[in-house]
Structures are given as C-alpha cells and as structure tokens.
2 protein chains.
Amino acid sequence: MGSPVSKREAGEVRIIPIAVKGEIHLGQSLSARLLAATRSLGLRFRDGDILVVKHKVVSKAEGAIVALDEIRPSKVSESWAARYGLDARVSELAMRESRRVVRQKHGVLITETRHGFVCANSGVDVSNVDGGKHAVLLPANSDDSATRLRQALKKQLEIEIAVIITDSFGRPWREGLTEVAIGVAGMQPLLDYRGLRDRHGYSLHASVEAVADELACAAGLVCGKLAGTPACIIRGYSYTRENRRGNSGGRALIRPAKNDLFR
Amino acid sequence: MGSPVSKREAGEVRIIPIAVKGEIHLGQSLSARLLAATRSLGLRFRDGDILVVKHKVVSKAEGAIVALDEIRPSKVSESWAARYGLDARVSELAMRESRRVVRQKHGVLITETRHGFVCANSGVDVSNVDGGKHAVLLPANSDDSATRLRQALKKQLEIEIAVIITDSFGRPWREGLTEVAIGVAGMQPLLDYRGLRDRHGYSLHASVEAVADELACAAGLVCGKLAGTPACIIRGYSYTRENRRGNSGGRALIRPAKNDLFR
C-alpha cells in the first residue's frame, strides 16, 4: 500500500444509497437484508468498498430497543422532563445509559455513554422506531457490531470491505447534527499526516484527519432521517486497511478524557 | 421543489476532485483558475452542482496571508509559545485574529474568531503556504467570498451552483480534524426536519442536519492536505436553494453563544 499522500490523490468518490424495504427486526440478519437490498437494486459490492450503516437498524436487529412503558422514571427524571415538556421515560433511559452527565441545562442533556461517546440523551432515540412505543439504544458495542457485519459479508462475498456504523450527534459551537462513526471495522478511522511534509517542505504538526467521521458525514447525504435508506456504499475512497497494532475501531475516535479540554 | 423528504430519497452522490496545477497567488481569479482546471480535467459544471473549496486557496487569492517576520509577539505569546515549543509569531497572530480565548491549556489555544468560529489558533495556519515564511488567515468574510465565487461562475457558465468554503477544525470529545463549512452561498446550510413525521407518524423534535458541514466532510475525502486538490464538485445532492428569508450562509452554522453550553 502507498502512503496516505498518494492515496489521497485518487479520483472520484461515489456514495451509493441502499434503500431497504420494510422494517428490520430483532434477530434478523442485517447482512442478509442488506445483500438482498443491494441485489434488488442491481448493486454489487466490490473489494475496497465501505459499507456505512445507520446504527438504528443495527440496534433493532440486535434487540437494543426498550419498551417505554416498562420504564419507571425516577423523581429526578420526572422533574427534569416536566420542566421542559420531555418524555420522562426517555430522560430516565438516557440517564441509565450514561456513565456521567457532561451538561444538563435548558432541556438539553449531554452525557458520556457507557462506550465513552459524548452526545445528547446517551443516544437514546424514539424517532424512526414505532411511533413512540419503543426507544432505540446505541448498540452495546458498535465496533463488535461492525466487525460481525464485515465478517458476514466477507464470508458471503469473499471480498474485503470496511464497515462503519453511524449516529447523528450534535456538537458544541455549531448548529445542526452531523453523522459520526460509532463503530468501525476493516479500516483505520484516523489518517495521520504528522511528520509528513507539504510540498514546501513544511512538516505538518497537528494533522490527524478523522476519516471515518468524514465518511459518516458523506453517507449522511444519502441516508435520510425519514427515507428508508439506512445504508450506503462509499466507493473509490482508498482507506488504510486495518492493521493489528491496535488503536483501531470507532473507539479510536473517542478522545481520552485526560486530553479533553471540554469535559 | 419537493420537500426535504423526497429530496433525500435521491440517487447516487459523486465527489469529483479538481486538481489544480501550481500555486494560487494574491490577485489571481480563483474562478478562472478553477474553470481552467476543470476544463483541463475534462470536467464540466452542471446546474445544481456544489463546488467545495478549501479556504486556503481563497485566502491566498484574497491576500489573507501574513509575513511571519513582520509579527512582533507580545511577552505573553512568547512565554506561551516557549513553554510548548511553538512559533510565538503564530501564537501572536492567533490571538490577534481572535475576539475571545475559549480554552488555553496543554499547548492548545482554542479561540472564538472575529467571525464567531470556535477553532484552534483562530484558523491561522502555516502548512501548505511557503515552508514557514507566511501564515494564512481565514478569509475576512467567507460567506462573501463564497458568494463572489458563485457569482463569477454563474456569470461565466450561466448555471446555478452552490459554493462551500471549508477549513479543518478539531472538536471536543473526538479525535482528529474534520472539514467544516465556513462560507456558504447558493444553498441552505441547515436542513430542518422539525415538525416532519417519520413513517410511524412520530414527529421529529431535534432534527436539524448541518448539511453544509456534511458536504464539507465529503469533500475532505478527495481534497487532500498534501495533494494539489484544493476543490471538488459534489454532484447529485439535491440541496435546498437559498431563499431570501435570511438565516443562510456559513454564519447560520455558528451556534449563538447564548444557546451554547460549552463556552
């Protein structure tokens, strides 16, 4: 494999939506559903493709969903929810899925999840589920989910693809949500330019690019929040295939708390 | 135009790199250089294309660069830079370009720029300039820059395209830089799903998507930090064309300080 420099001088990148008919339910094989969908669209995976999947279908297939009427909110959750017109059961679930509250103000609850993600409501979401009866949680371990999906596709297709599982996160300072990679398999999520030199010989100091998050955002352009397009193929992007030196997976995108100036 | 829902059920999105030979200098017409580059690549802009340009070439063409040996650092900048092995002139410039320091710790300086962006070193950058003699600043008004570029292309080509100017920003909680839209013209930077319902009839509460930032990230996949590819065309994404109700431009992506829990 070449250096990141030569890789990045590549050609066109394509983002190809995978529309899936109908819901995906607990116990269903996500790889089988996605393969069936691609076939019915006349698509064929190629070696080096990146499959990007919204976490919601992963969570549904894995059963990471909770019936809201089984949740008994604490007094604290009830009072918080009442104050801002929220569903106390969702607030309660968000607290249970967190290991720490980062901010709780103006009706917004920012937590650090058990995985280490910092996001609103611990990623607990009621939209695109079943109209308010169930909430979807983040997958228990989205790197493992990505790895399983990758292995299943590899076995069936006998090719190497990378898999990214995404969620929509807000961010400080900027309006709007963008997609982030919460699970990654088969590729390095970060592209490290440090030590490389630009064409003027200047050494790049602080350049580590979160390519898996950029790929997640690119996927967000075709994977709609309302449309039945929970996945896409990104083709033409020459990623660095996973090596065994560790520091891989979506976990590598989480900044360790000790290096973080904002929590 | 249809609703955001039907738009998002569209087909494939393509990210087409525009390699540009040689440097871009003060006073040069960026639109002419980009048009020449596309022509030499056999590319042709189409109505509805999005042109994404790294801010560095915009800043260079507009003369938003500073000779570092003309900068006399303050005692404070010198002491900060000495402590962490930084260039005191760059630290000084970063302070001058800021209106407020958000965090300054462990050798990292996060400021709010005069435009309102929150980023490292006020966006002052020495890489990909001329080997350390000059620093590039953010464009004075990147929405105006985007608008001028859009108008120039519209005049020459007689088609409507959108223009996004980008920079690489870090973010709290997550490792690595991603591209963000610092200037936007010809399209709405935010896609607002609030009030729409999912296919289960559940109303989407908190869904505003920062599409201009997602487009910026998609562009980051082909516009390299080292390669001579400062721009790309994104084709096939059905954006919402700018209306006159305001709240447009890259400015709309900046969260007002009063709504921000992290500054």
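What you see is a predicted model; the values in this text were computed from it and never measured.

Cut-offs applied
Every residue gets a number counted from 1 within its own chain, in the order that chain's sequence is written. Written order determines the labels here, with chains lettered from A and ligands numbered from 1. Local features in this predicted model are restricted to residues of pLDDT 70 or higher, and side-chain atom pairs are both shown and tallied only at a pLDDT of 80 or more, whereas totals for entire chains, interfaces and linings draw on every residue. Under the scheme used here, helices are H or I runs from DSSP no shorter than 4 residues and strands are E runs no shorter than 2 residues, and both carry numbers assigned from the N terminus. Between the two quantities, the radius of gyration covers C-alpha atoms and the globule rule is 2.2 Å times the number of residues to the power 0.38. Residues with at least 20 neighbouring C-beta atoms inside 10 Å of their own are called buried, those with 12 or fewer are called exposed, and the rest are partly exposed, where every C-beta is derived from the backbone. Residues are treated as contacting if the C-beta atoms built from their backbones sit within 7 Å of each other. All copies are superposed by least squares; the fitting set is the C-alpha atoms of residues with a pLDDT of at least 70 in both. Strand pairing is assigned whenever DSSP identifies at least 2 bridges connecting the two strands. An axis is simply a line fitted to the C-alpha atoms; with a helix, the fit covers only the stretch in contact. Between two such axes, the angle follows the N-to-C directions and lies from 0 to 180 degrees.

K.L.:
Can you walk me through the overall build of chain A in this structure?
P.N.:
In terms of helices and strands, chain A carries seven helices and 12 strands. Taken against the 2.2 N^0.38 rule, which gives 18 Å for 263 residues, the C-alpha radius of gyration of chain A at 19 Å falls within 12% of a compact globule. Its C-alpha atoms give chain A principal-axis dimensions of about 60 × 45 × 30 Å. In chain A, which comprises 263 residues, the proportion classed as buried is 49%. Partitioning the contacts of chain A with sequence separation of at least 6, the portion at a separation of at least 24 is 62%.

K.L.:
Teacher, can you tell me more about unusual backbone geometry here?
P.N.:
Among all residues save glycine, negative phi is the norm, and among peptide bonds the norm is trans. Residue and element names in this part refer to chain B. The backbone phi angle of His-106 is positive, close to 50 degrees, even though this residue is not glycine. In this structure, His-106 sits in the loop between strand 4 (98–105) and strand 5 (108–113). Assessed through the 9 C-beta atoms surrounding it within 10 Å, His-106 is described here as exposed. Its identity as a non-glycine residue notwithstanding, Ser-122 has a phi of 55 degrees, on the positive side. Structurally, Ser-122 is set in the loop between strand 6 (118–120) and strand 7 (134–136). On the neighbour-count criterion, Ser-122 (26 C-beta atoms within 10 Å) is buried.

K.L.:
I'm lost on the relation of the copies chain B and chain A in this one. Help?
P.N.:
Structural alignment of chain B on chain A gives an RMSD of 0.0 Å, achieved by rotating through 180 degrees and translating 0.0 Å along the axis. Here the copies are linked by what is in effect a two-fold axis. An overlap of 100% is found between the interface residues of chain B and their copies at the interface of chain A, pointing to a shared contact surface.

K.L.:
Sorry, what's going on with the sheet that holds strand 4 of chain B here?
P.N.:
Strands belonging to one sheet form pairs held by backbone hydrogen bonds; the direction of such a pair is parallel or antiparallel. All names here are of chain B. Taken together, three strands build an open sheet; the order of strands is 4-5-6 and the sheet is antiparallel. Looking along the sheet, the strands with just one partner apiece sit at the ends: strand 4 and strand 6. On average, each strand axis in the sheet is inclined to that of its neighbour by 30 degrees, with strand direction left out of account. Relative to strand 5, strand 4 runs antiparallel, the two being bridged by six bridges. The residue bridging Ser-98 from the neighbouring strand is Thr-113, located in strand 5.

Distances and angles like these do not, on their own, reveal function.
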